[in-house]
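# Coordinate inspection notes
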Number of protein chains: 4
Amino acid sequence: MAEAPIRLGMVGGGGDAFIGGVHRIAARLDGHYTLVAGVLSSTPEKARASAEALGLPRSYDTYEDMARTEADREDGIDAVAIVTPNHVHAAAAIAFLERGIHVICDKPLTSTMEDAERLAEAARASGALFVLTHNYTGYPVIRQARQMIAEGKLGSLRLINVEYVQDWLTGAAEGKQAEWRVDPARSGAGGSIGDIGTHAYNLACFVSGLTLDRLAADLDAFGAGRELDDNAHVMLRWQGGAKGMLWCSQVAPGNENALRLRVYGDRGGLDWSQEEPNSLWFTPFGEPKRLLTRNGAGATEANTATSRVPGGHPEGYLEAFATIYSEAARAIHAQRRGEPVPEDLLYPTIEDGLDGMRFVAACVRSSANDSAWETP
Amino acid sequence: MAEAPIRLGMVGGGGDAFIGGVHRIAARLDGHYTLVAGVLSSTPEKARASAEALGLPRSYDTYEDMARTEADREDGIDAVAIVTPNHVHAAAAIAFLERGIHVICDKPLTSTMEDAERLAEAARASGALFVLTHNYTGYPVIRQARQMIAEGKLGSLRLINVEYVQDWLTGAAEGKQAEWRVDPARSGAGGSIGDIGTHAYNLACFVSGLTLDRLAADLDAFGAGRELDDNAHVMLRWQGGAKGMLWCSQVAPGNENALRLRVYGDRGGLDWSQEEPNSLWFTPFGEPKRLLTRNGAGATEANTATSRVPGGHPEGYLEAFATIYSEAARAIHAQRRGEPVPEDLLYPTIEDGLDGMRFVAACVRSSANDSAWETP
Amino acid sequence: MAEAPIRLGMVGGGGDAFIGGVHRIAARLDGHYTLVAGVLSSTPEKARASAEALGLPRSYDTYEDMARTEADREDGIDAVAIVTPNHVHAAAAIAFLERGIHVICDKPLTSTMEDAERLAEAARASGALFVLTHNYTGYPVIRQARQMIAEGKLGSLRLINVEYVQDWLTGAAEGKQAEWRVDPARSGAGGSIGDIGTHAYNLACFVSGLTLDRLAADLDAFGAGRELDDNAHVMLRWQGGAKGMLWCSQVAPGNENALRLRVYGDRGGLDWSQEEPNSLWFTPFGEPKRLLTRNGAGATEANTATSRVPGGHPEGYLEAFATIYSEAARAIHAQRRGEPVPEDLLYPTIEDGLDGMRFVAACVRSSANDSAWETP
Amino acid sequence: MAEAPIRLGMVGGGGDAFIGGVHRIAARLDGHYTLVAGVLSSTPEKARASAEALGLPRSYDTYEDMARTEADREDGIDAVAIVTPNHVHAAAAIAFLERGIHVICDKPLTSTMEDAERLAEAARASGALFVLTHNYTGYPVIRQARQMIAEGKLGSLRLINVEYVQDWLTGAAEGKQAEWRVDPARSGAGGSIGDIGTHAYNLACFVSGLTLDRLAADLDAFGAGRELDDNAHVMLRWQGGAKGMLWCSQVAPGNENALRLRVYGDRGGLDWSQEEPNSLWFTPFGEPKRLLTRNGAGATEANTATSRVPGGHPEGYLEAFATIYSEAARAIHAQRRGEPVPEDLLYPTIEDGLDGMRFVAACVRSSANDSAWETP
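Residues numbered from 1 in each chain as written. Chains lettered and ligands numbered in written order. Predicted model: local features only at pLDDT ≥ 70, side-chain atom pairs only at ≥ 80, totals over all residues. Heavy atoms only, no water.

Another aspect to go through is the interface of chain B and chain C. Chain B puts 45 residues into the contact, and the matching count from chain C is 45 residues. Summed over both partners, the interface of chain B with chain C buries about 3600 Å², with 58% contributed by carbon and sulfur atoms. Run the count over chain B and chain C and you get ten salt bridges. When the shortest N-O distance is used, the salt bridge between D218 of chain B and K243 of chain C registers 3.0 Å. Joining chain B to chain C, the criterion identifies 20 residue pairs in polar contact (both at pLDDT 80 or more). (Contact = heavy atoms within 4.5 Å. Buried area = accessible area lost by both parts, 1.4 Å probe. Salt bridge = Lys/Arg side-chain N within 4 Å of Asp/Glu carboxyl O. Polar contact = N/O pair within 3.5 Å; in protein donor to acceptor, adjacent residues only side chain to side chain.)

Let us look at the UniProt feature "domain: Gfo/Idh/MocA-like oxidoreductase N-terminal" (unreviewed entry) in chain A. Residues annotated by UniProt as "domain: Gfo/Idh/MocA-like oxidoreductase N-terminal" (unreviewed entry) correspond here to residues 6-131 of chain A. Secondary structure within residues 6-131 of chain A divides into 46% helix and 20% strand; the distance between the first and last C-alpha atoms comes to 15 Å. (UniProt positions renumbered as here; feature names shortened; annotations may be inferred. Helix = DSSP H or I, 4+ residues; strand = E, 2+ residues; numbered from the N terminus.)

It is worth spelling out the pairing of strand β13 (residues 279-284) of chain C at this point. All names here are of chain C. Among the six residues of β13, five are classified as buried, and the element is accordingly described as predominantly covered. The pairing of strand β12 (residues 268-273) with β13 spans four bridges and is antiparallel. Across the sheet, residue D271 finds its bridge partner in β13, namely W281. What sits between the antiparallel neighbours β12 and β13 is a turn of five residues. (Buried < 20%, exposed > 50% of the residue type's maximum accessible area, 1.4 Å probe, protein only. Pairing = 2+ DSSP bridges.)

Here we take up the relation of the copies chain B and chain C. Two copies of a chain can be linked by a rotation about an axis combined with a shift along that same axis. For these two chains of identical sequence, chain B goes onto chain C by a turn of 180° and a shift of 0.0 Å along the axis, with RMSD 0.0 Å. Put plainly, the chains are arranged around a two-fold axis. Relative to the rotation axis, the C-alpha of A372 of chain B is the closest in chain B, positioned 3.6 Å from it. Looking at the interface residues of chain B, 100% of them are also at the interface in chain C, so both copies use one shared face. (Least-squares fit on C-alpha atoms with pLDDT ≥ 70 in both.)

One frequently used descriptor of interface size is the decrease in accessible area upon assembly of the parts. Residues and elements named next belong to chain A. Each assigned domain of chain A is listed here: domain 1 (6-128) and domain 2 (139-309 + 355-368). Of note, the centres of domain 1 and domain 2, computed from C-alpha atoms alone, are 27 Å apart. With 17 residues of domain 1 at the interface, the matching set in domain 2 holds 16 residues. At the junction of domain 1 and domain 2, the tally comes to two salt bridges. D195 is the partner of K107 in a salt bridge, and the nearest nitrogen-oxygen pair spans 3.4 Å. At the surface where domain 1 touches domain 2, the tally comes to four residue pairs in polar contact (both at pLDDT 80 or more). Those elements that provide at least two residues to the side of domain 1 that touches domain 2 are α1 (18-29), α4 (86-97) and α5 (113-125). In the side of domain 1 that touches domain 2, the residues fall into eight nonpolar, six polar and three charged. (Domains from an automatic or database assignment. Nonpolar A, V, L, I, M, F, W, Y, C, P; charged D, E, K, R; others polar.)

One can find N257 of chain B in the loop between β10 (243-249) and β11 (258-265). Residues within four places of N257 of chain B in sequence aside, it is in contact with G311, G312 and H313 of chain A together with Y136, Y164, V165, Q166, Q274 and E275 of chain B.

What follows covers the relation of the copies chain D and chain B. Take chain D, turn it by 180°, move it 0.0 Å along the axis, and it overlays chain B with an RMSD of 0.0 Å. The residues that chain D uses at the interface reappear at the interface of chain B in 100% of cases, marking a shared surface.

Here chain A averages 96 in pLDDT, and 99% of its residues register 70 or above. Of the two predicted TM-score estimates for the complex, the pTM is 0.97 and the ipTM is 0.96. (pLDDT = per-residue confidence, 0-100.)

This part is about helix α11 (residues 317-336) of chain A. Residue and element names in this part refer to chain A. For α11, spanning 20 residues, the distance from its first C-alpha to its last is 29 Å, which sits close to the expected 28 Å at 1.5 Å a residue. Where burial is concerned, most of α11 is hidden: 17 out of the 20 residues are buried. At the C-terminal side of α11, G338 shows a positive phi close to 75°. (Expected span 1.5 Å × (residues − 1).)

Before going further, it helps to examine the sheet that holds strand β2 (residues 33-39) of chain D. Residue and element names in this part refer to chain D. A sheet is described by the order of its strands in space; here six strands give the open sequence β3-β2-β1-β4-β5-β6, paired in parallel fashion. At either end of the open sheet lies a strand with only one pairing partner, and these are β3 (58-59) and β6 (130-132). Two elements, β2 and β3, share two bridges in a ladder whose sense is parallel. Across the sheet, the residue bridging to G38 is S59, located in β3.

With that out of the way, let us pick up the sheet that holds strand β6 (residues 130-132) of chain C. All names here are of chain C. The strand order β3-β2-β1-β4-β5-β6 describes an open sheet built from six strands, whose pairing is parallel. The strands lining the two open edges of the sheet, one partner per strand, are β3 (58-59) and β6. Pairing analysis gives three bridges linking strand β5 (residues 102-105) to β6, with the strands arranged parallel. Opposite C105, over in β6, you have L132 as the bridge partner.

A cis amide bond links K107 of chain C to the next residue, P108 of chain C, at an omega of -10°. Along the chain, P108 of chain C falls in the loop between β5 and α5 (113-125). For N295 of chain B, which is not a glycine, the phi torsion comes out positive at approximately 55°. If you trace the backbone, N295 of chain B turns up in the loop between β14 (289-293) and α10 (301-305).

It is worth spelling out the interface of chain D and chain B at this point. Residue-level contacts link ten residues of chain D with ten residues of chain B. Interface of chain D and chain B: buried area, both sides summed, is about 750 Å²; carbon and sulfur atoms make up 74% of it. The largest per-residue losses of area from chain D upon contact with chain B belong to P288, L291 and A297 of chain D, which jointly make up 51% of the total buried on that side. Taken together, the connections running from chain D to chain B amount to zero salt bridges. Counting every contact that joins chain D to chain B gives two residue pairs in polar contact (both at pLDDT 80 or more).

Residue and element names in this part refer to chain A. Running from N to C, α1 and α11 cross one another at 65°; their axes reach a closest spacing of 8 Å. As the angle between them shows, α1 and α11 are arranged roughly perpendicular. Two packed elements cross with a definite hand, and for α1 against α11 that hand is right-handed. Contact with α1, carried on its side by F18, I19, V22, H23, I25, A26, A27 and L29, involves Y317, L318, E319, F321, A322 and Y325 of α11 and no other residues of that element. (Axes fitted to C-alpha atoms, helices over the stretch in contact; angles between N-to-C directions. Parallel < 35°, antiparallel > 145°, perpendicular 65-115°, else oblique. Left-handed = near helix turned anticlockwise from the far one by under 90°.)

The following block contains the structure:
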């Protein structure tokens, strides 16, 4: 029988905030959640207006109030999505975790390392789940890439090249989306390296299964008067001997959202681009390149299991995001039933969030130290 | 304030039927519908089991029963999605239209021309809306293509080349999806020409704004023992002097769902492929090719208005499908308020459905008549 | 030991004529020819000036004079390249063939069917070779495509879709290249169908090994005041049951020289585009698509044998053209040694030229007869 | 009037050596050279057999002998192509330069820095020309990229990302091509960084017009028992503030010869891939991406001037290589006439060669010094 929908609250995401709308669609897409409460803005009037526009049953002025009140209600929220600027993540998430409400939180984890540690403690101490929306891990062919590497299809890994290239900060930072992302107080010590570099790093780890040993970084802020990096070059040394490069940029004209991952082993290679997310190049060394597709010929179980429609019917960003939400739903449902979280779920956790924060911090340290090798 | 969700019923779409699941996600994605009732299969036990699996409040054994009962309820369905094999469309749709329940119906319209005419009469007579899910018209860059042509960016149109190529019938037809599609009794006189050729034809008309004058067709059934065409070659003559070709196939190995539209005028050309649905090639004659993107640089209002996320964050098949549903929702909401259907809505109607049926019939006639030119 | 170079003459190709320069590079590229004589223009002064500019030892005013004089010289030309407008091909070629001088002739064969028959007779009667430069058959991966089909890799062929799309006649025909191509007196009864349609048709035959049974064509002249077709739509029925479509156009903005061939059988499919000539898509039905490359992994003997450099080092149009010249050289060298022409040579012959002429004539007839099916 | 062909000798390039054959075609393609002498192998019998197979008039056992003898002949060679393994370049080139014979030399310049300095002295002292075949600078759209940047189309440069990725050393190094390239005695201190990294570096400098300030490198030899690097990660700091990354690899399965250059300024970006060498992506910031083509719409003078055939007729690796040869020919012809070398010639010189050697040396130093920033 169908599970009852999960009652969801939201912190942030009012008005035309990009990522709030994304979370709402992602929650809705597979039918596992109902959005019933929110504090959609830190400005109470805006919060109320946004809640009304969305037809939300319950609107609050502060997340503390929402956490407290919802925890006390019989029909209170089961989970909350946190989609504020980074500096609010920790305090908001802790308020819910402490009351046993599951948290689905946008990335990067927090704006400071201290906040990250504090949040991690709270998450570990709580019986509730903490899910970090590194949404790119939700793409079916990314799941296949991970499975293929785990099964040894590439042999022993040697190289990981990951890049995440955008152009929207080429000129001055304008608009609400841009403003807080270039403000150290709200964003944290990393600019592009925090905003998108963490996605790139997380994806590389997720697919390869490797752990980073050391990095050497060169961060730049090309935009006039910009305090945070808008471009980062990083050399990578993975445990076990693989090497790599990571490039993230928000000042490269002609790139909308060009996240690309390439992984090479002694037996084969993989190449994936987020802007063509339904296919994956696979080359067994010495053989012709093969274009694997989402839910098409050559799809593995991990690919098929996260696909909604047949190959050739493109799924995209929202579907990948929804997969994170739907995996969270499976975990929440399992917990409801008193069962352990299913082992096949791959949503990112608090540990991935911490790992990303350490990565950003190490990049900042290395860059400040003339690109010396740093351990994250 | 947010509009109250539209109560939706569904006929067909039980078990693992591909298109039923698509309609449910499309209805859910933008949050305008709640699925509350259904007769998900023509086999009552299956219908009930499917309804239970989906958590549907009300399950019926027949669409007649559902139409009657829901029409009588205070909280009965506002609209119904019809996702059965083609031969059921007409009778089911009429049952709801006659009771003032809006119909969202999968394509092609019906299995016979007689059914199509009957349904068209019912739709015209009804105060309820009839929406046909030629979903490919929902892609944002397709909307931009239509707008650009209407604005004269290509000059006077000369050529339209449209193809829709798949490979899943290369071997024997297996499984539920395949079976009814190759059965004249359930599918109608057209095989691939009805199943996907109508999509291609509809898309060409939608984007170009042209009306077909005559066609010459050559239909084949390559699959062993297959009664209906699995490949169709069609030459097109449009009113006003433009020419074109349409090719649809389900026996071309290496093609998953390769719908492609090219339109050329005396001032420029457009080229779009469904499997890369977030971009559109535009060449003003004598200038370099430009790659326009969904909600990216160069996006027109029609493109932006149907986009959910920024460029570089791929939207896909389900989002385009959802756009049809959401446009239907806007029409339904307008009707609720006693207002006329907004003029900017572009969802396909009963007339598009009839047009598609005439196209299929003309192709079948032409092919039977040694590819003589036929008027649809 | 190295063979002595073949002494080559040229008729046409003076000034900045596009195709004359191409033939000269093609002759030179693999080192088998030395250009020693020519009548590079029908205007004697231009012929002399062009010969001088190219450093040609011997320049003539007429091809008759060149044929006679060179045939008498001890060190006269072994072969002649004919690169004039179409209406000159027959008379010029016959003049050389009758004197035992090998002819390498540009396509289409001639401007009229009568000329074609006359030339064919002369070619069959002559001991000299006749080579037609359908240069696209010289691409290494096209050779592989032919080999794969011959070896049954696609199974039984069902579909051939070939298109050759350009845009340079979108506006008025300007310049020397354009002028004679739109003039029936110099070009023949076919416009685009003769200029590029013959290439497309030849390529389809070359790769598939099939023989055309019937065709139905719809030809148009969109350019203002244009007498010859600048666009052609053709439906194809091949002997043995395969079907197909051919589209050629010179009025499709955004297409430079977009020749594309797709072939599908019951076991697999091939897809090739001339503008990316170093790769070939191959899909065994039910398996992932594979990108075969020129002289790369998966290359067959036919591919490797016509490649000059390793995969990833793009070869192009001139190299493919040179392959036709170099195969002609191997035939000429064999004849010199009194040996038969090697069996592995695949350059197009007088029969291919005649076949192309019949194809054009049938297209023109069919189009004039309301697209009735015609036998070429 | 046509210039008399340049008499060319060759050192190295016997048997089936890849690069020797390339130089011969490149020299022949535009008709400026005649190959008349050579010492095609260091093994005299092989040298003679190769010369005979190629129909070379004069074969020598040593380059010293060839240099001396040809310099004394009335009809001796004007220029020599040096295509040996790297460790022979310096001594051979000097032997010819000292006798006033022009040298066209393969890259990298030499195997040691000392040799490079010695050769540079000889080149500067000689009246003869020294041309280094960084052939990728010969591509027409690369010429356009250089011109656009010089004209400010990208604004102030911020980022250069260049990569040159191959896979042929993924397994063990086998065959003649591989052997000397992995041998420090014959190749020099750099493996992949010398073999292909120098191409990538040279291309970045050529197109951007920038001068490298510092670099930080991480070199690896993944192949079992390999002494020289087969993968290199390099971070770049250019004079004036631009940054960049360079990646070269010969162990990345699925990459044949994937040289790619991306350059970004504050007004636009360029993106070029060697395996699709006839096109160039250009994005003026805030506008749609444009696909510029070789000799097509939007081609600048620098593009057109180095093109042989119209857009859509792909030129490739050999043509780009031939452009270097043909520019050298124009310089040689100018010198013959007592004129200065034309200012528009862009072939790489001894200074480019020295620059490349310093780059390799700095990479090796940096990598040995834990990736510390080094000045080349």
